[in-house]
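# Observations on the model geometry
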Amino acid sequence: FIATEFLTGLDYAHRLSGLDGVPLGLIHRDISPQNVLMSFEGEVKVTDFGVAVAANSNAEQGSLAGKVAYMSPEQCRGKHVDRRSDVFALGTILHEMLTSSRLFKRADSVQSIRAITEDPVAAPSASNPDVPAELDAVVLRALAQDPSARYESAQAFAAALRAQLADYTGETSRLELADLMQASFSDEKSEVAAIIDKALNAPAHSQNTVDLASIDTSQTRAALIHEEGAGLDELAAASVQGLPDIPASQTGAGDADDGPLVPGVPDALMASRLARAERKSKLLGGGLALALLCAVGAFVLGRSQGGGGEVAETVEEAVIETVSVAVNSEPEGALVFMNDAQLPGVTPMTVFMPAGRQSTLRMELEGYLRTDARVTPSAESPEPVLVELDIDRESPMAPIGSVRVSYQPADAELFVDGERVAGTSPALVDLLTLNAPHNIRLNKTGFEPLYLEISLENEETLELDLQMEEGVALAAVSINSTPAGAEVQINGNSVGTTPIEGLELPAGQLYVVQAQRSGYRRWRRSVLLDSATETIAIEMERAREPTPEERAAAEAREAEERARERRERVRERERPTGNYEMLPE
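A short tour of the structure in this document, coming up. Since the model is a prediction, treat every value here as computed from it, not as a measurement. (Residues numbered from 1 in each chain as written. Predicted model: local features only at pLDDT ≥ 70, side-chain atom pairs only at ≥ 80, totals over all residues. Heavy atoms only, no water.)

## A few points about empty space enclosed by the protein
For the structure shown, the criterion picks out four cavities of 30 Å³ or more. Put simply, the second largest cavity is a space of about 40 Å³. Lining the second largest cavity are R29, D30, I31, K67, Y70, M71, Q75, S85, D86 and A89. Top element by residues in the lining of the second largest cavity is helix α3 (residues 83-99). It accounts for three residues. In the lining of the second largest cavity, the residues fall into four nonpolar, two polar and four charged. (1 Å grid on protein atoms, 1.4 Å probe; cavity = no way out; pocket = protein on both sides within 12 Å on 5 of 7 lines; lining within 4 Å. Points joined across faces, edges and corners; volume = space filled by probe spheres on them. Helix = DSSP H or I, 4+ residues; strand = E, 2+ residues; numbered from the N terminus. Nonpolar A, V, L, I, M, F, W, Y, C, P; charged D, E, K, R; others polar.)

Encoded structure:
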């Protein structure tokens, strides 16, 4: 049902027209699980058209955009794509939904591309026996290597899936998906509802204000200047209402140098809570927002002074349960921000996070795109966090890689991204952008050209060993007939109507050439192409009405010819294969 709904949205995008009524021919090119969104109301949405192109555009020709593990074979090869490329990507997602395993993801992009373009696709039922054979057929058609063998549109793919829904599960509605979403993400939905409820039901805020800029949170003995207002104390208590209590044994009083801002709670964690309160305050607006931020700040300062101050007396003592989480990035060495507060050090590191609550980790590293990850650690067994950073190709600090190409023949011409590489095999090519497609080509007279597309995953030198295949010598063939206009077949395949020029065929082989023209006898000869150029001259003879004796003789010859061909085919099938030694009887 989810795939069907997503296909419906994708089909709308494919058929979208501009204001002038002309179809835009949009191709998404980045269909992946990250771009399938589901709402609490059971809606399935298509997102992120950042690399979409028009189908009649040449902009995407030779370019590689999107996530490699969900590209179509033609997209991997940098060829022109149409909406059937998006159909292939959605087929990949559906296969993974049915099997709970990645279909084309491999150790690196090169291996993933080879899997997409070369490996046969196993039916989903091979991993999940509950998948019926009819659904196997639907998925495998969407994943056909040849675009012409796939569904011609997202709409056709969706229609095939709806038939499966009707046959095996009955009618599925958005209400069922909405129920599933709300059951699976009830905590997130409750958190949003709590924020809205607090904003709607908060008491009237004070007309007096507290200047947050005057509060130095690094000095734990600094006094909190507070002028009591109508609803500030109540709001301060409400702002920490959802936090568990901190026992008095974990708080205590003391100088700033004695320990963290709130003993038992890392400074970075408290900084992140202040940052979160500030973000939520933007939703509330005006004096109420300022009051909420003041309440959290008063809680921090009040606890650090052993509970002194009017606000601290109103706020309940709280406990924040934290867990240590191993955090790393690929590559390592990234700065880490938790809920917008920078943590000391770089990855890998151990981060103290609130158990059972969602936190946002942001990682920054020169030469890479900023990456966010939302983490909700478990109190019992928190899982380590590993974030893969994507290279920022526009950055001058973007990492680079190299490739060493060994090839035979060693004097072939080597081109990398269209540029000739001087010298002979082996050749080292560096300064190549990582995680980007690079084209390698070998040329040499008498050999078949060799083309290869690679993508470098890291800064280690990629080793390639290439072998060119000897080319097939071609003969240029011209065919003329008298009179012209004869239809010509070579080995049973039509090659056109005479005169025929520029026909290339492998040399050194025997060919059967036939020519026919209305009013003339059929012409047939066996021709051996043993030179670089060959001209075949056909003299057509006019047909005359045969006598009964000639007709009978011709029919007898044709029957004999057919019988001879049948005997030859039988002997060919019965002819033994392999090497045999004749033994005496």
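Next comes the rest of the write-up.
## Considerations on the side chain of E534
Looking at the element boundaries, E534 is found in strand β25 (residues 533-539). Buried and without a salt bridge, E534 has R525 as its closest oppositely charged side chain, separated by 12 Å. Among all residues touching E534, those that are not within four sequence positions of it are A476, V477, S478, L528 and L529. (Buried < 20%, exposed > 50% of the residue type's maximum accessible area, 1.4 Å probe, protein only. Lys, Arg positive; Asp, Glu negative; His and termini not counted. Salt bridge = Lys/Arg side-chain N within 4 Å of Asp/Glu carboxyl O. Contact = heavy atoms within 4.5 Å.)

## Considering the sheet that holds strand β8 (residues 349-354)
Taken together, three strands build an open sheet; the order of strands is β8-β5-β11 and the sheet is mixed. With partners counted over all chains shown, the strands left at the sheet margins are β8 and β11 (385-388), one partner each. Averaged over all adjacent pairs, the angle separating strand axes in this sheet is 35°, with direction ignored. Sheet topology note: the strand β5 (residues 322-330)/β8 ladder contains six bridges and is antiparallel. Looking across to β8, one finds that V327 is bridged to M349. (Pairing = 2+ DSSP bridges. Axes fitted to C-alpha atoms, helices over the stretch in contact; angles between N-to-C directions.)

## Considerations on the packing of aromatic side chains
Enumeration over the complete set of coordinates arrives at two aromatic pairs. Both rings, one in F88 and one in F104, keep their centres 5.9 Å apart while their planes meet at 15°; by these two values the pair is stacked. Of the two residues, F88 is situated in helix α3 and F104 in the loop between α3 and α4 (109-118); the sequence distance between them amounts to 16 residues. A single burial state applies to F88 and to F104, both of which are buried. Measuring from ring centre to ring centre gives 5.2 Å for Y151 and F157, while their planes differ by 5°; the resulting arrangement is stacked. According to the relative accessible area criterion, Y151 is buried, its value standing at 6%. Note that K189 overlies the ring of F40, its terminal NZ or CZ placed 4.7 Å from the centroid. Seen from the ring of F337, R362 lies directly overhead, with NZ or CZ sitting 4.1 Å from the centre. (Phe/Tyr/Trp six-rings, centres within 6.5 Å; stacked < 30°, edge-to-face > 60°. Lys NZ or Arg CZ within 6 Å of the ring centre and 35° of its normal.)

## Structural notes on the pairing of strand β10 (residues 371-375)
Burial of β10 is one-sided: the residues T371, A373 and V375 facing one way are buried, the residues D372 and R374 facing the other way are not. In terms of strand pairing, strand β9 (residues 359-364) meets β10 through five bridges, oriented antiparallel. In the sheet register, T360 faces β10, and the bridge partner there is R374. Once β9 ends, the chain turns through six residues before running back antiparallel as β10, passing G367 with a positive phi of about 90°.

## Notes on the side chain of S395
Positionally, S395 belongs in the loop between β11 and β12 (400-408). Its relative accessible area of 18% is what places S395 among the buried residues. In this structure the side chain of S395 is engaged in a polar contact, spanning 3.0 Å, whose partner is the backbone nitrogen of M397. (Polar contact = N/O pair within 3.5 Å; in protein donor to acceptor, adjacent residues only side chain to side chain.)

## What to know about the nonpolar core
Membership of the largest hydrophobic core comes to 41 residues, with the highest contact counts inside it found for V327, L361, V405, L414, I440 and L442. Excluding residues within four positions of it along the chain, L361 makes contact with V327, V336, F337, M338, M353, T371, D372, A373, V375 and V385. In this structure, I31, V87, I93 and I116 belong to the second largest nonpolar core, which totals 40 residues. (Core = buried A, V, L, I, M, F, W, Y, C linked by side-chain atoms within 4.5 Å.)

## Digging into the environment of T92
One can find T92 in helix α3. By relative accessible area, which is 0% here, T92 ends up buried. Considered as a pair, T92 and R102 are 10 residues apart in the sequence and their alpha carbons are 8.7 Å apart. Among residues more than four places away in sequence, those in contact with T92 are A69, Y70, L103, F104 and L143.

## Digging into the packing of helix α1 (residues 2-14) against helix α6 (residues 154-168)
Orientation of α1 relative to α6, taken along the N-to-C sense of each, is 160°, at an axis distance of 8 Å. For the element pair α1 / α6, the angle class is roughly antiparallel. For the pair α1 and α6, the crossing hand works out as left-handed. Of α6, the residues touching α1 (which contributes A3, T4, L7, T8, L10, D11 and H14) are A154, Q155, F157, A158, L161, R162 and L165. Across the contact of α1 with α6, the residue classes tally to eight nonpolar, four polar and two charged. (Parallel < 35°, antiparallel > 145°, perpendicular 65-115°, else oblique. Left-handed = near helix turned anticlockwise from the far one by under 90°.)

## Comments concerning unusual backbone geometry
Each neighbour pair has its own omega, and for E330 with P331 the value is 5°, a cis peptide bond. In this fold, P331 is placed in the loop between β5 and β6 (335-338). In this model, T347 is joined to P348 through a cis peptide bond whose omega is 0°. Relative to the assigned elements, P348 resides in the loop between β7 (341-346) and β8. Positive phi, close to 70°, is recorded for R29, a residue that is not glycine. In this fold, R29 is placed in the loop between β1 (26-27) and β2 (36-38). Within the chain, N491 stands out as a residue other than glycine whose phi angle is a positive 55°. Along the chain, N491 turns up in the loop between β20 (487-490) and β21 (493-497). Overall, N491 belongs to the partly exposed group, its relative accessible area being 42%.

## Some points on the sheet that holds strand β24 (residues 523-528)
Within the open sheet, the four strands sit side by side as β21-β20-β23-β24. Their pairing is antiparallel. Both edges of this open sheet fall to β21 and β24, since each of them pairs with a single strand only. Across the sheet, the mean angle from the axis of one strand to that of its neighbour is 25°, orientation sign disregarded. Inspection of the sheet shows β20 paired to strand β23 (residues 510-516) by four bridges, in the antiparallel sense. Across the sheet, residue I490 finds its bridge partner in β23, namely V513.

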